[in-house]
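# Understanding the architecture of this molecule
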Amino acid sequence: MVAGAAVAAAALAGRYGILAWQAFKARPPAARMRRFYEGGFQTAMTRREAALILGVRERVVAEKVKEAHRRVMVANHPDAGGSHYLASKINEAKDILLGKSNNSGSAF
Amino acid sequence: MQNAVRKAGKSITEQEARQILGVTEQTSWEEIVQKYDKLFENNAKAGSFYLQSKVHRAKECLEEVYRSKSTPS
């Protein structure tokens, strides 16, 4: 008789578990706020920072770098309200990523 | 009063903040906010989150500067 009660309890727990899991999955997606990066730019730009600036991975093909560079530059173009400082950072980022991307799998 | 939240090595300077937003020492706060809004929005659409962050930090920094200028301690 005890075994029966245990089975019933397990079944109930299982049922609630499933219901809870479904409710969890069905909850409305909360907009996740990312924390802004701290501070200004690094004194000497690193490959990592360059990748962050262009929004690409560090090991990325030249094609993607140029594409990202174009896109980001348009958003920050000095003629369209951007600053020269940011534009120069973006250019520098492109140069860094293009200069050292020999072994990033680009197919020649 | 020092804002103790920022780590010294990673703090943005007023000079860099002005460079990022493309403003001078003569620029008014209203103009700065305008430039910030534009840059922030442009980068949200087509830039990188990293650049958006820098723009945001630049404005934060200048906000402190202008606030302390208007309220002499």
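Please refer to the structure placed before this passage.
Report on the accompanying structure. All values reported here derive from a predicted model rather than from experimental measurement.

Rules of the game
- Residues numbered from 1 in each chain as written.
- Chains lettered and ligands numbered in written order.
- Predicted model: local features only at pLDDT ≥ 70, side-chain atom pairs only at ≥ 80, totals over all residues.
- Heavy atoms only, no water.
- Phe/Tyr/Trp six-rings, centres within 6.5 Å; stacked < 30°, edge-to-face > 60°.
- Helix = DSSP H or I, 4+ residues; strand = E, 2+ residues; numbered from the N terminus.
- Contact = heavy atoms within 4.5 Å.
- Buried area = accessible area lost by both parts, 1.4 Å probe.
- Salt bridge = Lys/Arg side-chain N within 4 Å of Asp/Glu carboxyl O.
- Polar contact = N/O pair within 3.5 Å; in protein donor to acceptor, adjacent residues only side chain to side chain.
- Nonpolar A, V, L, I, M, F, W, Y, C, P; charged D, E, K, R; others polar.
- Expected span 1.5 Å × (residues − 1).
- Buried < 20%, exposed > 50% of the residue type's maximum accessible area, 1.4 Å probe, protein only.
- Arc of directions from axis to C-beta.

### Concerning the packing of aromatic side chains
Taken as a whole, this structure holds 9 aromatic pairs over all chains when the rule is applied. Aromatic side chains A:F36 and B:F49 sit 5.6 Å apart centroid to centroid with 15° between the ring planes, which places their arrangement in the stacked category. With A:F36 in the loop between α1 (2-26) and α2 (47-54) and B:F49 in helix α3 (residues 49-70), the pair connects residues from two separate chains. For the ring pair B:W29 and B:Y66, a centre distance of 5.5 Å and an interplane angle of 40° mean the geometry is tilted.

### A closer look at the interface of chain A and chain B
Taken together, the 24 residues of chain A in the interface contact 26 residues of chain B. When the two sides are added together, the surface that chain A and chain B hide from each other amounts to roughly 2,300 Å², 61% of it contributed by carbon and sulfur. Connecting chain A to chain B are 1 salt bridge. At the junction of chain A with chain B, the criterion picks out 19 residue pairs in polar contact (both at pLDDT 80 or more). Listed by contribution, the elements that provide at least two residues to the side of chain A that touches chain B are α2, α3 (62-75) and α4 (84-99) of chain A. In terms of residue count, the dominant contributor to the side of chain A that touches chain B is α2(A) (4 residues). Its residues placed into classes, the side of chain A that touches chain B shows 12 nonpolar, 7 polar and 5 charged.

### Points about α3(A)
Along an α-helix, a turn takes 3.6 residues, which lines up residues three or four apart on a common side. Relative to the 20 Å expected for 14 residues at 1.5 Å per residue, α3(A) spans 20 Å between its end C-alpha atoms, a close match to the ideal helical length. Along α3(A), the positions that sit buried rather than exposed are A:V65, A:A68, A:H69, A:V72, A:M73 and A:A75. Projected down its long axis, α3(A) carries its buried residues within an arc of 145°, all on one side. Residues A:E63, A:R70 and A:V74 are exposed on α3(A) and point more than 90 degrees away from its buried face. On its buried side, α3(A) packs onto α2 and α4 of chain A together with α2 (29-46) and α3 of chain B.

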